[in-house]
Each structure stands twice: as C-alpha cells, then as structure tokens.
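Report on the structure
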Amino acid sequence: MFIDSYNGADEEITVPGTAQVEGVTYPVTAINADKLSPYEVQRIVLESGFILPGNCDFYFWSRPNLVSVDISAADASLVTSMYGMFSGCSSLQEVNFGSIDVSNVSSVYNLFDNCSSLEEVDLSCFSGTGNVDELSQMFIGCSNLRRVNLGGWDWNNTYYVYGVFDGCNNLEEIVTPANVSNSIELPVCMADENGTLYKELPRFTDSITLHVVEVPKWLEDYSFSVEEEQTIRLSNYHGNATT
C-alpha cells in the first residue's frame, strides 16, 4: 500500500507498517515523502513492517526543521541507494538505523550532505557488508560531527570516495571501517591507542578507534602521513623545527 497523505500532527509523524482498508490489512510499502510537511516536521518514525523502497534517493532531504529519524524497525532489505537520503536536513541531530538490513545498498553518496547539526552517527548496521562502492561526500558539510561509528563496514570495493569527510572539522572520534582500499583523507589529525598518527583512514586493516590529537606546533607547517608502523613521512616543511 502506498500512503499519499498524512492527517496527523505536522511536527511528529509515525508511519505505520500496515494499514487496514475495509477490514483487510495491507503492508505499507511506500510513502509520498513530499506530502509529509517538509517545513514543519521534526520527528519521523517508521514502524515495524514498513518497507523502504529500493531507491531511497533524497528520501528525507531538505527538511530544515527535522531533528530525528528512526528507521530501525523498517525493512530495508530492498534498498540499493541512499543517495542524499538526509541531504540538507540542517537541524538533524539523530538518526537511528538500529540493525536494519543494508546488505544490498551500493550508494551512500551525499548521505548526510550539510547535516550541520548532526553530532554523532552510528552506521554499524553496515558491519559485515561490502557492496557499497559510492561513498563520495557522505558527511560533507557536517560541521558539528564529533563521533562516527563505521566499525566492521568493509570498504575494500569502494571506487568513488572523494570528500567523504569534507568540512567535518570538529570530528573527535571515529571507529574506522575495515579493509579501506583507497586514500581517504581525515579532516583532522587523529591517533590510535598506540599514539600512531593518521591524516587518512588506515588502509587494509581491521576497524580501529581513532581520537583527535593536537598537532605539535613545530608540525603545523608539515604535510605528513603514516607509511609504516610508528613512521611519519614529512614534506613541504617551511617552519621552525625548534618551536
């Protein structure tokens, strides 16, 4: 069944998983997202049984007052694309993915584009999956993002990876994906529990936790990357190494 309109409160919307028509129960398989009061809605919950469509491109996009979305009970097994799913939701603070089935998703391009109020996101639902090949600008413009959990998500088969963390200059902690095969720059200098510094996601490793570190003043004018264990390659130095 396709839900074309909603007659409840504009601020909080709960979409049922089933609906009855003349005593017959039907599964709800789609909603007309354009009818869900894009400017007023603050919270959206998809109840158990709701089936997300294969194409979720821009599904919740450009809702400036949307604060939270809970899709943890929905059936996401058909979803292949989440391109721009929350793009432009500048007030978004929380998205609950739970442990939804995202095994068929191949694109998360611009997933959280300019979600500037988002501080924390848990994408561990992707743990054990490796079908996503399009990651570009997934968190672009998330200027208040502080913690990201990508643990267990296999990034070995990714191809489109530019600007994944562009503008995430307040990032404090990240649980990295596994088996990263491309060079993906971090927005800040981070370190693992052993003190090894990273300016890019660690490649061809299991997931690890990185925390932001303050770069020593004498390193501020360097560009550097970790090549081997506890080894830093320095280039383009034009400062004073004694300060």
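Reading guide: rules and limits
- Residues numbered from 1 in each chain as written.
- Predicted model: local features only at pLDDT ≥ 70, side-chain atom pairs only at ≥ 80, totals over all residues.
- Heavy atoms only, no water.
- Helix = DSSP H or I, 4+ residues; strand = E, 2+ residues; numbered from the N terminus.
- Buried < 20%, exposed > 50% of the residue type's maximum accessible area, 1.4 Å probe, protein only.
- Contact = heavy atoms within 4.5 Å.
- Pairing = 2+ DSSP bridges.
- Axes fitted to C-alpha atoms, helices over the stretch in contact; angles between N-to-C directions.

Turning next to the side chain of Gln 137. With respect to the element layout, Gln 137 can be found in the loop between β9 (120-122) and β10 (147-149). Residue class for Gln 137 comes out buried when judged on its relative accessible area of 17%. Once residues lying within four places of it in the same chain are set aside, the contact partners of Gln 137 are Tyr 109, Asn 110, Leu 111, Tyr 162, Gly 163 and Val 164.

The strand order β2-β6-β7-β8 describes an open sheet built from four strands, whose pairing is parallel. The sheet is open, and its two borders are formed by β2 (12-15) and β8 (94-96), each paired with just one other strand. For this sheet, the mean inter-axis angle between neighbouring strands, taken without regard to orientation, is 5 degrees. Note: β2 against strand β6 (residues 43-46), four bridges, orientation parallel. Residue pairing in the sheet places Val 15 in a bridge with Leu 46 of β6.

We now examine the pairing of β6. Across the two faces of β6 the burial differs, with Ile 44 and Leu 46 buried and Arg 43 and Val 45 not buried at all. Pairing geometry for β6 and strand β7 (residues 68-70), over three bridges, is parallel. Its bridge partner lying in β7, Val 45 is registered against Asp 70.

Note that every value here comes from positions in space, so none of it alone points to a role or purpose.
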